[in-house]
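Each chain is listed here by its residues.
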Amino acid sequence: MKQNREYQEILDYMGMRKLPKGFEEAFSLYEPDDSKELIPKDWYEKLLAPYNLPEDKKQYLDEALAAIEGDETVLNFSKFFVWDMCSMRNKYDIDNYTELMPNCLGKYNEAYGFLVLLACVPVSKKEMDRRGIPEHYYEDIPHRMLRDQLKRYIETGKIDVLDMPWKMNFYTLTIFLLDRFLFIPYEHGEGFEMYRNKTTGKVIALNDAGNIYDSEGQVLKWKVSEEWDEPEVDEEVKEEKEYDPNSGHVLATRPAKDPRTFVTVKNETEDEITGNYMNPIGYTEEKMITIKKSEYEKVLKRGDYLIALHIPGGEGYTPERMQNSMRLALEFFAKYYPELDMKGFWSSSWLYDKRLELIIGKNKNITNCQNLMFRYSDGENGHMLYIHLYRDMDNIVTEYPCETSLQKGARDFLLEGGRFCTTGMMILKEEALNGEFYFTKEDEEDFYNSMKVWGYR
């Protein structure tokens, strides 16, 4: 079956925008079938059945699906979306799709993204069967998103999809709950590499040359190489707004107090590698270190596969549960995804910021879990912490009803001029299994001393 319209003509017809790079090339590889359905009716009914949608809400979705399936151009391009989302090309890119909102379906435009995601489930089920993955690993995975999506729909009437890249993981059955944590394959693409001492096992990480850091060792920009795409710039000019100085827009986004920056250096000879030291506590130092190639082996480079770890809400965020979950994840992916040579684990969270220890102290679940990690700056500010502790960036922290000691301590820290930063982390598979720490006493002392130099408590 031939494509009935050219790529750009289809985009113009549907009114699509903000599509991933490389999309037109992928479309040229897609071979449409003769099916007249976006999603098989039995699957459609089965996925929605547990939620007892009110008649008018169900009728709207039925009509939206009929509108998609009744337009050959929209249907074929929608099936291409499903094919692309479920393909290996996109499985490990967490920031690919941003939104799916056409303007050709009239009052059904808002339902489009949801129905395309729903159509991914039966397609992805075939991949689960091909890999021999038992159903209990994934049968509830799409419902982890459906429960909240349809609750919001029933209560507010809104069915548009918020945070498309994250939710896509669940509808494409790419993410798995193993004991306490969620896991998904992830490709390392940030600007540093890791090395292990062949004798002692100590792990060192060194930045690529050209990364830009602020004076507190937080990355401002990873160097953009020829292999990386420049990020798309949103052409819409947003009106500048005055924010309350005690809102998250100000407190959670403050920069380093000292405006100076530095650029990382990496020099490699036949025998040695010299670069800026990445303190495993979570920041990069200006000081340089040199490692001998005869003593160290490279254990993580760009393009290597890791298992991304995500933290669902609720009880059980302990180092013991984290280690058990990681062990299960290594076994799971080795068995069902043997083509991926998993080097360890990656994650990013406000919970990994060492500054939290200044508030809650040592030997708490948060800080004990932190101790298992090689932490590093991934360029994020305190937005995530503010949302989790104070619900909304517009909320005024001096007026917020703080109930927990963490909320109160973080509030006081921010009002004193403190700064939080979401932090990335790595746990290589060796340490995932043996629980050894990456940081030394000296690393920790450097952090405490640096906090004083930077003017924090």
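Parameters at a glance
- Residues numbered from 1 in each chain as written.
- Predicted model: local features only at pLDDT ≥ 70, side-chain atom pairs only at ≥ 80, totals over all residues.
- Heavy atoms only, no water.
- Helix = DSSP H or I, 4+ residues; strand = E, 2+ residues; numbered from the N terminus.
- Rg over C-alpha atoms; globule rule 2.2 N^0.38 Å.
- Buried < 20%, exposed > 50% of the residue type's maximum accessible area, 1.4 Å probe, protein only.
- Contact = heavy atoms within 4.5 Å.
- Areas by Shrake-Rupley, 256 points an atom, 1.4 Å probe, with all protein chains shown as cover.
- Lys, Arg positive; Asp, Glu negative; His and termini not counted.
- Charge placed at Lys NZ, Arg CZ, Asp CG, Glu CD.
- Pairing = 2+ DSSP bridges.
- Axes fitted to C-alpha atoms, helices over the stretch in contact; angles between N-to-C directions.

Some points on the overall build of the protein chain
Consideration 1: If you tally the helices and strands in the protein chain, you get 16 helices and 15 strands.
Consideration 2: In summary, the protein chain has a C-alpha radius of gyration of 24 Å against a globular reference of 23 Å for 457 residues, a match within 12%.
Consideration 3: Taking the principal axes of the C-alpha coordinates as reference, the protein chain spans close to 65 × 55 × 40 Å.
Consideration 4: Counting all 457 residues of the protein chain, 53% fall into the buried class.
Consideration 5: Of the contacts made within the protein chain by residues no fewer than 6 positions apart, 76% connect residues no fewer than 24 positions apart.
Consideration 6: Carbon and sulfur atoms form 48% of the exposed surface of the protein chain, whose accessible area is close to 22,000 Å².
Consideration 7: Taking the average location of the 59 positive side-chain charges in the protein chain and that of its 84 negative ones, the two points are 4 Å from each other.

Concerning the sheet that holds strand E7 (residues 261–263)
Consideration 1: With antiparallel pairing, the three strands of this open sheet are ordered in space as E6-E5-E7. Across the chains shown, the open sheet's two edge strands, defined by having one partner strand only, are strand E6 (219–221) and E7. Sheet twist, expressed as the average angle between the axes of neighbouring strands with direction ignored, equals 35 degrees.
Consideration 2: Judged from the three bridges that link them, strand E5 (residues 212–214) and E7 form a sheet pairing that is antiparallel. Counterpart to aspartate 214 in the pairing with E7 is threonine 261.

As for helix H8 (residues 164–171)
Consideration 1: Burial of H8 is extensive: seven of the eight residues sit out of reach of the surface.
Consideration 2: Positioned one or two residues after H8, leucine 173 has a phi angle of 55 degrees, which is positive.

A word on the sheet that holds strand E12 (residues 305–310)
Consideration 1: Strand order in the open sheet formed by six strands is E1-E2-E12-E13-E15-E14, with mixed pairing between adjacent strands. A strand with exactly one partner marks an edge of an open sheet, and here the two such strands are strand E1 (176–178) and strand E14 (374–377). Each adjacent strand pair in this sheet contributes to an overall mean axis angle of 35 degrees, direction not counted.
Consideration 2: Sheet topology note: the E1/strand E2 (residues 181–187) ladder contains three bridges and is antiparallel. When the sheet's bridge partners are listed, leucine 177 is paired in E2 with leucine 182.

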